[in-house]
Amino acid sequence: MSRPMCDCNKKEARVHVIYVGGAIGMLRDDNGELASEPNVLATRFQECPSCHDKEYKVDSEEPFLVLPAVKDAPFRVLYNLKEFSPLIDSSCMGIAEWKMIVKEVGKTYKDFDGFVILQGTDTLAYTASALAFMLEGLNKPVLVTGAQIPIFEARSDGRDNFLNALLVAGNYNIPEVLVFFGGKILRGCRSTKINAESFHALDSPNFPPLGRTGFKIEINSRQIFRPCSVNKFTVHCELEKNVGLLRIYPGISVDVMKAFLSEPMKGVVLQTFGAGNFPIHQEELLDQLREAVLRGVLVVYISQCSTGMVAYNNETGKVFQEVGIIPGYDMTEEAAFTKLAYVLSKPEWDLPNKKKVMLLSLRGEVTTNKVAKINDIDLIEGVARTLHMASGTEQKQMCSTFYPALVAAAVCAGDVNKLGDLKQYGADLCDTNCDGRSALHLACFLGKLNCVCYLISAGCPVNVHDRFNRTPLHEAIDTDNHKIIQTLLQHDAKLNDQPLVQAEMLRALTERGKVARLESFRLAGADLTLADRTGRTALHYACQLGNHEVVEYLMPHYQNPYVKDEMG
Ligand code: ASN
């Protein structure tokens, strides 16, 4: 986990500390009250032996403070301090302050190995989440921390939080916005404030800590988020301000909903009950949501519970899917809110794309599709990522082995988002397996209309033949899926069988009394009056067998039911 630092011989790391405000830096005033005092923190650090090693000689013009040597931390951490003016209580923070932090990180990015942001605990998780999105292509650690009791008070949690944040920022190459609090290293966009009094005030209830500090600093390397594309670091300084969090409560009125969802609202995070429940039988409430979605408001829903997730897998989910409300799965309210503000501020994405991006994990803030049953669908994404990042000839081989299986698994789950992800990672959705069967064959066979539509729109050929000469249309006929048959026909699917073969099939179906299947054939373009080699039609056979149901079904399709066979 050690990382290239500014001066490798001396094993030093430079960390830029941005002090925004909050309890951590407060001092007692003349009346003994705690208050934020500007321009004294750096001097106080200088005088504090656990914050500054006076003996260590720094080879720099700049006045760095130096963290005392720490066993097991290979890099000596040199740090400087930039203070906000005025210092801000975290309850007064918002988009403007996040922008200031982001700009400061952007301005100094290349000069430092890591960053520590000191701010109040109340909205610390919001800041960490916002920074996670706004710092794009981040490849250095940014730690956000604070304290319940100020750092220079006798019983303070601030010292431990600050010193450990510095150590992590200087010694571990974790390219994420992190929160350090109460001995835990948390992913910033998974963190939330859980306790107003405890020294363990922040946690990430839906995601394990990325590390812990105790006797040693332990990093859980496997949990570190590594994006699948390596983009250059940039700062995104805009966030949409007309975004809000609406907590649903028993008896919420239509007027309250209406007021909240009305202009100028652009995005709303609905905090629903439990596993994503909403009073769906109150149509007037739903109408407000429908209207807002139609107006172009992006509505995402999450749970009010800190642990667990929502998805389209229950009654509310099905209704929300139909209305166009996006599941936020297991995102915290802080992550959902700041992600929405970030996504809505991106001019390069249109609304359908913004909705799609809300479903993706941009910084590891969300676990998507945890509810899918097939072979753990997250595994699909994991394998796809790995394939995408592999290189050389083996990659080609692995891709041709794995991708068809991954695509098939996504189709089985009816998960078009996963199909989109796989396409992004390089899977060829039109690929066929050793039997010449494509994902579209499978989607038609399984009746996954959403996947059929997606695959067609992604350019998959509709008339592809497998080695048994069967097309996706045959699969839809065999499962009597009329919606899929119609969809395929709208995209130029053709029944490819020779007339004599079709006539044989019609005969076989007639003999077995399969009226529904005959109708599927007809819808797919078969001519029910086709005659076989002996000149006999399905109606001949139906009459011969005395099958009234089939005769009744066939009659309206024969203009001349008195057609003669070869025997007259
Ligand atoms: N009110 C403080 C804040 O700025 C609370 C704290 O830092 N513990 O959030």
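Keep in mind the model is a prediction, meaning the values are calculated, not measured.

About the criteria used
- Residues numbered from 1 in each chain as written.
- Predicted model: local features only at pLDDT ≥ 70, side-chain atom pairs only at ≥ 80, totals over all residues.
- Heavy atoms only, no water.
- Pairing = 2+ DSSP bridges.
- Helix = DSSP H or I, 4+ residues; strand = E, 2+ residues; numbered from the N terminus.
- Contact = heavy atoms within 4.5 Å.
- Axes fitted to C-alpha atoms, helices over the stretch in contact; angles between N-to-C directions.
- Nonpolar A, V, L, I, M, F, W, Y, C, P; charged D, E, K, R; others polar.
- Phe/Tyr/Trp six-rings, centres within 6.5 Å; stacked < 30°, edge-to-face > 60°.
- Buried < 20%, exposed > 50% of the residue type's maximum accessible area, 1.4 Å probe, protein only.
- Lys NZ or Arg CZ within 6 Å of the ring centre and 35° of its normal.
- pLDDT = per-residue confidence, 0-100.
- Salt bridge = Lys/Arg side-chain N within 4 Å of Asp/Glu carboxyl O.

*Asks:* I'm lost on the sheet that holds strand S6 (residues 114-118) in this one. Help?
*Replies:* Strand pairing in a sheet takes place through backbone hydrogen bonds and is either antiparallel or parallel in direction. Reading across from one edge, S4-S5-S1-S6-S8-S9-S10-S13-S14 is the order of the 9 strands in this open sheet, with mixed pairing throughout. Each end of this open sheet is capped by a strand with a single partner; those strands are strand S4 (65-66) and strand S14 (217-219). In the sheet, strand S10 (residues 184-187) pairs with strand S13 (residues 211-213) via 2 bridges, with the strands oriented antiparallel. Looking at S13, one finds that Ile 185 is bridged to Gly 211. Set on the sheet, helix H2 (residues 95-108) makes contact with strand S1 (12-19), strand S5 (76-83) and S6; between it and S1 the angle comes to about 155 degrees. Helix-sheet contacts for helix H4 (residues 158-171) involve S1, S5, S6, strand S8 (142-145), strand S9 (177-181), S10, S13 and S14, and the interaxial angle to S6 is about 160 degrees.

*Asks:* Explain the sheet that holds strand S18 (residues 298-303) to me, please; I cannot follow it from the model alone.
*Replies:* One open sheet accounts for 4 strands, arranged S16-S17-S18-S19; its pairing is parallel. Lying at the two open borders of the sheet, with one neighbouring strand each, are strand S16 (243-247) and strand S19 (326-327). Of the pairings in the sheet, the one linking S18 to S19 comprises 2 bridges and is parallel in character. Bridging from a neighbouring strand, Val 300 pairs with Ile 326 of S19.

*Asks:* I would appreciate a short explanation of the packing of helix H6 (residues 283-294) against helix H7 (residues 315-323) in the present structure.
*Replies:* The description of two helices packed together rests on the angle between their axes and the distance between the axes. Axis separation between H6 and H7 bottoms out at 10 Å; the angle between their running directions is 35 degrees. Facing H6, whose interface residues are Leu 286, Leu 289, Arg 290 and Val 293, H7 presents Val 319, Phe 320, Glu 322 and Val 323. Here the residues of the contact of H6 with H7 are counted per class, giving 6 nonpolar, no polar and 2 charged.

*Asks:* Sorry, what's going on with the packing of aromatic side chains here?
*Replies:* What describes a pair of aromatic rings is the distance from one ring centre to the other and the angle between the planes of the rings. Taken as a whole and judged by the stated rule, the model has 12 aromatic pairs. Aromatic pair Phe 45 and Phe 162: ring centres 4.7 Å apart, planes at 10 degrees, arrangement stacked. Here Phe 45 is found in helix H1 (residues 41-47), whereas its partner Phe 162 is found in helix H4, with 117 residues between them in sequence. Like Phe 45, the residue Phe 162 is buried in the burial classification. Three or more aromatic residues joined by ring pairs form one cluster here, namely Phe 64, Tyr 109, Phe 112, Phe 115 and Phe 233. Lying over the aromatic face of Phe 152, Arg 44 brings its terminal NZ or CZ to 5.3 Å of the ring centre.

*Asks:* Would you mind showing me how to read the confidence of the model for the protein chain here?
*Replies:* When pLDDT is averaged along the protein chain, the result is 91; 91% of the residues meet or exceed 70. Below a pLDDT of 50 lies the segment residues 1-8, which in the model reaches 26 contacts outside its immediate sequence neighbourhood of four places, other chains included. For the stretch residues 370-377, pLDDT sits under 50, and the model shows 16 contacts to residues farther than four places along the chain or on other chains. Interface scoring of the predicted complex returns ipTM 0.96; its pTM is 0.68.

*Asks:* Where do I start with unusual backbone geometry in this structure?
*Replies:* Among all residues except glycine, the phi angle is most often negative; among peptide bonds, the trans geometry is most common. Residues Ser 85 and Pro 86 are joined by a peptide bond in cis, for which omega reads 0 degrees. Looking along the chain, the bond that leaves Glu 263 and enters Pro 264 is cis, with omega of 5 degrees. With a phi close to 75 degrees, Asp 72 is a non-glycine residue in the positive phi region. Locating Asp 72 in the fold gives a position in the loop between S4 and S5. In this structure Asp 72 comes out as partly exposed when scored by relative accessible area, which is 47%. Its identity is not glycine, yet Asn 469 carries a phi of approximately 65 degrees, on the positive side.

*Asks:* How should I be thinking about the pattern of salt bridges in this particular structure?
*Replies:* Pairing between side chains of opposite charge can happen when their charged atoms approach one another. For the structure on display, the rule yields 25 salt bridges. Of the charged contacts in the structure, one is a salt bridge between Glu 136 and Lys 346, with a shortest N-O distance of 2.5 Å. With Glu 136 in strand S7 (residues 135-136) and Lys 346 in the loop between helix H8 (333-344) and helix H9 (351-359), this pair connects stretches of sequence that are 210 residues apart. This pair shows no difference in class: Glu 136 is buried, exactly as Lys 346 is. Taken together, the shared-partner salt bridges connect Arg 437, Asp 466, Arg 470, Glu 475 and Asp 478 into one network.

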